[in-house]
Amino acid sequence: MAIFHKYLYNINFLHTDLTTKETKESKYIMYDDLIEHRRLQAQRSVLIEIQSYRSCNDVHKYCSRYGKIKNIFYYSNSRLLRHFAFIEFEHQEHIDKILSISTHINYEQIIPVHSSNLWYRNLNKSINNTIFKESKTQFCKYTCKILQDGDIIKILKDISTISEQILSLYEATKLNDIGVRLRFYTAYQIERSFHGLFPNIAILPFGSTVNGFGKQNCDLDLSLHFEKEKIEKMNSNLVFHTKYFSITDKHRVQNVMEIIAGIMNICIPGIFNIRKILQARVPIIKFDHKLTEIECDLSMTNTSAYYMSELLYMYGEMDWRVRPLIFTIKAWAKNCSLTKDTAGPWITNFSLSLLVLFFFQQLKILPPLDLLQSCANTNDIRLVDSHIDCTFLRDITKIPQYTLETKEESLEKLLLNFFNYYSTFDFETKAISLRKGKPILKPEQCALYICNPLEINLNVSKNVKIEEKHRIQYEMRNAVWTMENQSKLKNLGLINLIFNRKEAVTVKFKESINIKKIFETDNSIV
Ligand code: CTP
Ligand code: MG
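Residues numbered from 1 in each chain as written. Chains lettered and ligands numbered in written order. Predicted model: local features only at pLDDT ≥ 70, side-chain atom pairs only at ≥ 80, totals over all residues. Heavy atoms only, no water.

1. Observations concerning the environment of Phe 499
Selection rule: Every helix listed is a DSSP run of H or I at least four residues long, and every strand listed is a run of E at least two residues long, numbered separately from the N terminus. Contacts: residue pairs with any heavy atoms within 4.5 Å of one another.
Checked against the element boundaries, Phe 499 lands in helix 16 (residues 494-499). For the pair Phe 499 and Asn 335, spaced 164 residues apart in sequence, the C-alpha to C-alpha distance is 6.7 Å. Ignoring any residue separated from it by four or fewer positions in sequence, one finds Phe 499 in contact with Asp 149, Ile 152, Ile 153, Leu 156, Asn 335 and Leu 494.

Laid out in structure tokens, this is it:
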């Protein structure tokens, strides 16, 4: 029996199917298993554009003839202009069957590629006219509506404590199961298109899609690997003829990416608005996926970023408060305009996430990376491009517990302490080191130094200008004031901190003027 889904708000971020318990204490899933599970799920899925919600019944009946359906998600995109049935089959052979019975039309005007992006035409008019009865079947509707500030305020308004508001903000805005599925599906579509030339190619999602820090509309970071695992068959007498390529040869990488961008642009359905940023330190191809409505960044030379995502995923799994706090800090920073959608001399979400993790390390709730490295075994060894050491203990259940402290601090207290900690942090002379788990002396002059935990000589916040660093600490001081003066601000909690920020600053400003006046009066008495 197929399972019909709508948007699954409260389901644990990535644990669907892999765990039976969906609680904060649910079993730990290793990152590699998680990625493999999601990739297989994507390989068993097709995205079928339909005329309307009413077509779900027909498409389900039709596809069931060719394979056993495991899950169906109906969704319409944000402007309600397009409707989709996203179907997961039990086995990948069912997809092969579906594609073998699918057809092209208008041969003279198309490049006849095969992909799992399909649309449903109803040839049997009598079926089309049957009225879809929601009550009889278990189809559910979902509109890919991204929550706006007003929607979030409505959710937070009725919640009495800041700690609960933080949790609700996280639950309401985090990337959900269908969001993750569509992102892995998008990655697999591109991978599949290149399988003819490169049978072992892998296009792997990384960044906030997989580390658990992603919002519903987060971008999709992808890294392309020609060989998923580079294992030479030592006993084979036949060797492939090949052409020269090296991942460290930037010019070659740029050439290859140019070609990949060209093929994606001309051949792959759903991909639009390709922008090539090939001169950057990490060359990327940016594009929009029109069917899944996801903005993507594809890179080739970014393997350490993939392991960085694993590290962040692991830290997020170690304590249930990590992700809600990161979501709150990101939402706060966005509303203070400390972060922006474009790149520039301001702090990024990634740097903010590292600041939060480092803060948890100060409380000994999270371990330093050095400790994870010292506990690693041979299965954990990962060397990238033969010089970046991404080796660390992968199984967090093996972390020696005596190295950590069980602190029961509420999310509210943690948030306040976070602002307090960084608003007075000595960024002038100190750098943030997640490897050591404590501040270290700054290796070079710059406004903000956050050591890249894996590529140790890099500063992930190198781009941040001194004015931005001042603004970050200024906004943090405002945040501390707002949290400590809730009663003067109608006790709206997070709403004041994130959405009514200007109002809170105005009250604070007026108050500071009043204090001045009191002093003036005192002086006159003396
Ligand atoms: N990354 C890195 N070093 C950097 C920047 C990014 O290793 N200096 C890696 C991190 O693993 C990061 C990923 O690249 O998670 C993607 O970067 P980005 O898209 O900027 O951040 P996200 O974590 O995906 O956050 P967002 O939701 O804002 O996209
Ligand atoms: Mg990203």
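Moving on from the model shown.
2. Looking at the nonpolar core
The test is simple: Only buried residues count toward a nonpolar core. Its members are Ala, Val, Leu, Ile, Met, Phe, Trp, Tyr and Cys residues joined through side-chain atoms within 4.5 Å. Throughout, exposure labels follow a simple rule: accessible area from a 1.4 Å probe, protein chains only, divided by the maximum for the residue type, with under 20% read as buried, over 50% as exposed, and the rest as partly exposed. Bear in mind that the domain bounds are from an automatic or database domain assignment.
Formed by 90 residues in total, the largest nonpolar core has its most connected members in Trp 332, Leu 357, Leu 415, Phe 419 and Tyr 422. Ranked by residues supplied to this core, first place goes to helix 10 (residues 303-318) with 10 residues. Each of domain 2 (181-304) and domain 3 (321-366 + 402-520) contributes no fewer than three residues to this core. When sequence neighbours within four positions are dropped, the list of residues in contact with Phe 419 reads Ile 329, Trp 332, Met 476, Ala 479, Val 480, Met 483 and Leu 497. Grouped together as the second largest cluster of nonpolar side chains are 32 residues, Phe 73, Phe 86, Met 257 and Leu 291 included.

3. Here's the deal with the environment of Gln 51
Looking at the element boundaries, Gln 51 is found in the loop between strand 2 (45-50) and helix 2 (56-64). Spatially, the C-alpha atom of Gln 51 lies 7.6 Å from that of Tyr 120, the residues being 69 residues apart in sequence.

4. Structural notes on unusual backbone geometry
In this model, Glu 293 sits at a positive phi of 60 degrees, which is unusual for a non-glycine residue. In this structure Glu 293 comes out as partly exposed when scored by relative accessible area, which is 34%.

5. Let's talk about the state of the cysteines
Here is the rule: Any pair of cysteine sulfurs within 2.5 Å is marked as a disulfide.
Scanning the entire structure with this criterion turns up 0 disulfides. Here Cys 451 is not cross-linked by a disulfide; its sulfur's nearest cysteine counterpart is in Cys 446, at 9.4 Å.

6. Details of the UniProt feature "domain: PAP-associated" (unreviewed entry) in the chain
Rules: UniProt positions are given in the numbering used here, feature names are shortened, and annotations may be inferred rather than shown by experiment.
With numbering matched to this structure, UniProt assigns "domain: PAP-associated" (unreviewed entry) to residues 411-443. Taken as a whole, residues 411-443 contains 39% helix and 12% strand, while its terminal C-alpha atoms sit 33 Å from one another.

7. Some words on the sheet that holds strand 6 (residues 202-206)
The condition that has to hold: Strands are treated as partners if at least two bridges between them are detected by DSSP. Lines fitted to C-alpha atoms define the axes, with helix axes restricted to the stretch in contact, and inter-axis angles between N-to-C directions lie between 0 and 180 degrees.
What the 5 strands build is an open sheet, ordered 6-7-10-9-8; its pairing is mixed. The open sheet has two edge strands with one neighbour each: strand 6 and strand 8 (271-277). Strand-to-strand twist of the sheet, defined as the mean angle between neighbouring strand axes without regard to direction, takes the value 25 degrees. Bridge count for strand 6 against strand 7 (residues 220-225) is 5 bridges, and the pairing is antiparallel. Looking at the pairing, Ala 202 lines up with His 225 of strand 7.

8. Focus on the side chain of Lys 330
What counts, and what does not: Charged-residue counts in this description rest on Lys and Arg as positive and Asp and Glu as negative, His and the chain ends being excluded. A pairing counts as a salt bridge when a side-chain nitrogen of Lys or Arg comes within 4 Å of a carboxyl oxygen of Asp or Glu.
Locating Lys 330 in the fold gives a position in helix 11 (residues 322-335). Notably, Lys 330 is buried but unbridged: the nearest opposite-charge side chain belongs to Asp 219, and the N-O separation is 8.5 Å.

9. Brief notes about the site of ligand 1
Note the following rule: Any residue with a heavy atom positioned within 4 Å of a molecule or strand is treated as near that molecule or strand. Nitrogen and oxygen atoms within 3.5 Å of one another constitute a polar contact, given that in protein one can donate a hydrogen and the other can accept it, and given that sequence-neighbouring residues count only through two side-chain atoms. Note on areas: Shrake-Rupley with a 1.4 Å probe; residue coverage comes only from the protein chains shown. Amino acid classes used here: Ala, Val, Leu, Ile, Met, Phe, Trp, Tyr, Cys and Pro are nonpolar; Asp, Glu, Lys and Arg are charged; the rest, including Gly, are polar.
Taken together, 13 residues surround ligand 1, and among them Ser 208, Asp 219, Asp 221, Ala 305 and Asn 349 come closest. With respect to ligand 1, the side chain of Ser 208 contributes an N or O atom lying 2.8 Å from an oxygen atom. The contact in question runs from an oxygen atom of ligand 1 to an N or O atom on the side chain of Asp 221, over 3.0 Å. If ligand 1 stood free it would expose 570 Å²; the protein chains cover 76% of that surface. Breaking the shell around ligand 1 down by element, the ones donating at least two residues are helix 8 (208-211), helix 10 and helix 12 (349-362). A class-by-class count of the residues in the shell around ligand 1 yields 6 nonpolar, 5 polar and 2 charged. When residues of the shell around ligand 1 are sorted by domain, at least three fall in each of domain 2 (181-304) and domain 3 (321-366 + 402-520).

10. Re the layout of surface pockets
Applied cut-off: Buriedness for pockets is judged along seven lines, at least five of which must meet protein on both sides within 12 Å for an open set on the 1 Å grid over protein atoms alone, while cavities are sets there where a 1.4 Å probe fits but cannot get out, and lining residues have an atom within 4 Å of a point. Grid points are joined across faces, edges and corners, and a volume is the space filled by probe spheres set on the points.
One number sums up the size of the second largest pocket: a volume of about 2,300 Å³. Taken together, 46 residues make up the lining of the second largest pocket; nearest its centre are Asn 200, Phe 226, Glu 227, Lys 228 and Lys 230. Of all the secondary-structure elements, those providing two or more residues to the lining of the second largest pocket are helix 1 (31-43), strand 7, helix 9 (250-267), helix 10 and strand 11 (383-384). Per-element accounting of the lining of the second largest pocket gives the leading share, 6 residues, to helix 9.

11. A word on the packing of aromatic side chains
To be explicit about the condition: Stacked, edge-to-face and tilted labels apply to pairs of Phe, Tyr and Trp rings (six-membered ring for Trp) whose centres lie within 6.5 Å, assigned for plane angles under 30 degrees, over 60, and everything in between, in that order.
Counted under the stated rule, the structure contains 24 aromatic pairs. When the centroid spacing of 6.4 Å and the interplanar angle of 45 degrees are considered together, the rings of Phe 73 and Phe 86 count as tilted. On the criterion of sequence distance, the pair formed by Phe 73 in strand 3 (residues 69-76) and Phe 86 in strand 4 (residues 83-89) is long-range, its members being 13 residues apart. Ring centres of Phe 425 and Phe 427 lie 4.7 Å apart, and the angle between their planes is 50 degrees; on these two criteria the pair is classed as tilted. For the pair Phe 425 and Phe 427, a shared accessibility class is recorded, and that class is buried.

12. Here we look at empty space enclosed by the protein
For the structure shown, the criterion picks out 1 cavity of 30 Å³ or more. A volume near 50 Å³ is recorded for the largest cavity. Along the walls of the largest cavity sit 10 residues, with Asn 478, Ala 479, Thr 482, Leu 497 and Arg 501 positioned nearest its centre. Sorting elements by how many residues they give to the lining of the largest cavity places helix 15 (residues 466-484) first, with 4 residues. Broken down by class, the residue content of the lining of the largest cavity amounts to 5 nonpolar, 3 polar and 2 charged.

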